[in-house]
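# Residue-level structural notes
Single-letter residue listing:
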Amino acid sequence: MADGGAGAAGGNGTADGAGPSRRSVLWTAGAAGAGLGLAGMAADTASAAPSAATPTAAGSAPDTAAVPKRRGKTMIGVPFEGRSTVRVGIVGLGNRGGSMIDLFLAVPNTRVVAICDPVKEKTAKAAKKVTDAGQPAPAVYTKGDRDFENLCKRGDIDFVYVATPWDWHFEMAKTAMLNGKHVGVECPIALRLDELWELVDLSEQTRKHCLQLENCCYGRNEMRVLRMAHAGLFGDLLHGAGAYNHDLRGLMFDPEYYEGPWRRLWHTRLRGDLYPNHGFGPVANYMDVNRGDRAVRISSFGTPSLGLTAYRKEHMPAGDPSWKETYIESDRTISLVQTAKGRVIRLEHDVSTPHPYSRINSLGGTKGVFEDYPERIYLEPGHSDDQWHDFGEFAEWDHWLWKEHANPPGGHGGMDYMLVFRLTQCLHLGLVPDFDVYDAATWTAPVPLSDLSIKAHGMPLEVPDFTRGDWKKARPGMDSEKPAG
């Protein structure tokens, strides 16, 4: 994967594509030394966490998981409004957005109405893709950092897709919902707990879905394991693991790939797991997190930060702007998440040391275990020789999406197409989406929480219950039935 399938550079929040955005600079200044302040809640949800930079008492963690009062109605089970044509606005047309537009143009009953990126060359290229696909020319928004606000104000858009640098994800999702649009955002959906809570509140208040577009949930192996787990083939589930272990050193120092240093700069701000979603989302689905179980606490540990400094010394010339940066992000972050049912999920993050690509993607229960990279399985009673077996033996358990689309177009082994196809299908037919804002917040919460836990020497921290108790109710999720329409 070029960037794990999510969060790659889009419009980079600057008017000219050079250097960090004003928001990036402010974030760096505000986050430096902030410690637990990252998890502090905004004034209207101040009860959710203290702003102190140290634990509240010896041996106890700050109360990062207190639940603010609900100010709207739950979005659990809320369907999209059905429509004959799904009208999409795309914000961010870099590596990720510039490729995903091809898939929005390839799925049925979907039209790209408007596009936005401050780099005019990117919007021109994307607009040509739209007209080449036989659709009317899209409206184009290129006037600086905040022209996305004008796109969101349009009355002919149903869904806003955001593929920009992380600094802008929260603000763009918020703007879309406040303008009456459903919104889907690349990983991570936000970087702070107060922002996650605000997106949950806004989704409930505006009645608009706010989705973390986690493409790895739609991988063929992930969807097959999901169905097998729900059918009981693994027995009672006990443990799982997911990761984003991907050597990005060369790309992070490439000024063209990320249109400047925005992604590398996050390694000067946080020490925790910057990108948990690809690993956490699929395992959370296997275990029905937010659908009968929930993540209750996380404990994280991080190695020293050496990889990017060593790479810079070997590859970057004297005088390069990167020499002014001080990296604090742990080269390898390992987190343990425990669920209400006592299950354990291991999350890993490593983008700054030599490592073959791996999302780990494992699941174990009382009847056996699956592990990916490479894919292999051992399940009783069929397996009894203490040897790994071919996962291909279980192709009959493929999800209906993969049975219908055996050779999907697009990148990342077809999972991107599956995501866009299923998303637009739900919008078109008026179905409940496969995941919701509560999943988005849960899958992203390890970003700030792992940073806090590492700074507190692995102290367990509570994961907020973004569902406000509704996780106890079993409900459908990714393991969907094929719709009739």
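Okay, so let's go over this structure. From a predicted model like this one, the values you see are computed outputs, not experimental measurements.

Each helix and strand counted, the protein has 15 helices and 14 strands in total. Looking at the 485 residues of the protein, the share that counts as buried comes to 61%. If you take every contact in the protein between residues at least 6 apart in sequence, the share linking residues at least 24 apart comes to 76%.

Glancing now at the side chain of Arg 249. With respect to the helices and strands, the residue Arg 249 is situated in helix H8 (residues 249–252). Relative accessible area serves as the criterion here: at 17%, Arg 249 is assigned to the buried category. Apart from residues lying up to four places away in sequence, Arg 249 is in contact with Gly 307, Leu 308, Tyr 311, Val 351, Ser 352, Thr 353 and Pro 354.

Following the criterion strictly, the structure yields 17 aromatic pairs and no others. An angle of 50 degrees between the planes, with centres 5.3 Å apart, marks the rings of Phe 104 and Tyr 161 as tilted. Here Tyr 161 lies in strand E4 (residues 159–162) and Phe 104 lies in helix H2 (residues 97–106), a separation of 57 residues in the sequence. Its relative accessible area of 1% is what places Phe 104 among the buried residues.

Here the focus is the nonpolar core. Membership of the largest hydrophobic core comes to 104 residues, with the highest contact counts inside it found for Ile 90, Leu 151, Val 160, Val 183, Tyr 218, Phe 234 and Phe 466. In terms of residues, this core owes the most to one element, helix H13 (residues 415–429), which gives nine residues. Setting aside residues no more than four positions away along its own chain, Ile 90 makes contact with Ile 101, Phe 104, Val 112, Ala 114, Ile 115, Cys 116, Leu 151 and Tyr 161. Counting residues in hydrophobic clusters, the runner-up holds 20 residues, among them Trp 166, Tyr 244, Trp 266 and Leu 274.

Take the pairing of strand E10 (residues 344–350) next. Taken across its seven residues, E10 has five buried, putting it largely inside the fold. Looking at chain direction, strand E7 (residues 237–245) and E10 are connected through seven bridges and run parallel. Opposite Gly 240, over in E10, you have Ile 345 as the bridge partner. Pairing geometry for strand E9 (residues 333–339) and E10, over six bridges, is antiparallel. Residue pairing in the sheet places Ser 335 in a bridge with Leu 347 of E10. Between E9 and E10, which pair antiparallel and follow one another directly, the connecting turn spans four residues, one of which, Gly 342, has a positive phi of 90 degrees.

What follows covers the packing of helix H10 (residues 277–286) against helix H14 (residues 437–444). Interaxial distance between H10 and H14 falls to 9 Å at its minimum, and their mutual angle equals 125 degrees. On the basis of the axis angle, H10 is oblique to H14. Here H10 and H14 pass one another in a crossing that is right-handed. Counted together, Asn 277, Phe 280, Gly 281, Ala 284 and Asn 285 of H10 and Thr 442, Trp 443 and Thr 444 of H14 form the full contact between these two elements. Residues belonging to the contact of H10 with H14 are distributed by class as follows: three nonpolar, five polar and no charged.

Cut-offs applied
- Residues numbered from 1 in each chain as written.
- Predicted model: local features only at pLDDT ≥ 70, side-chain atom pairs only at ≥ 80, totals over all residues.
- Heavy atoms only, no water.
- Helix = DSSP H or I, 4+ residues; strand = E, 2+ residues; numbered from the N terminus.
- Buried < 20%, exposed > 50% of the residue type's maximum accessible area, 1.4 Å probe, protein only.
- Contact = heavy atoms within 4.5 Å.
- Phe/Tyr/Trp six-rings, centres within 6.5 Å; stacked < 30°, edge-to-face > 60°.
- Core = buried A, V, L, I, M, F, W, Y, C linked by side-chain atoms within 4.5 Å.
- Pairing = 2+ DSSP bridges.
- Axes fitted to C-alpha atoms, helices over the stretch in contact; angles between N-to-C directions.
- Parallel < 35°, antiparallel > 145°, perpendicular 65-115°, else oblique.
- Left-handed = near helix turned anticlockwise from the far one by under 90°.
- Nonpolar A, V, L, I, M, F, W, Y, C, P; charged D, E, K, R; others polar.

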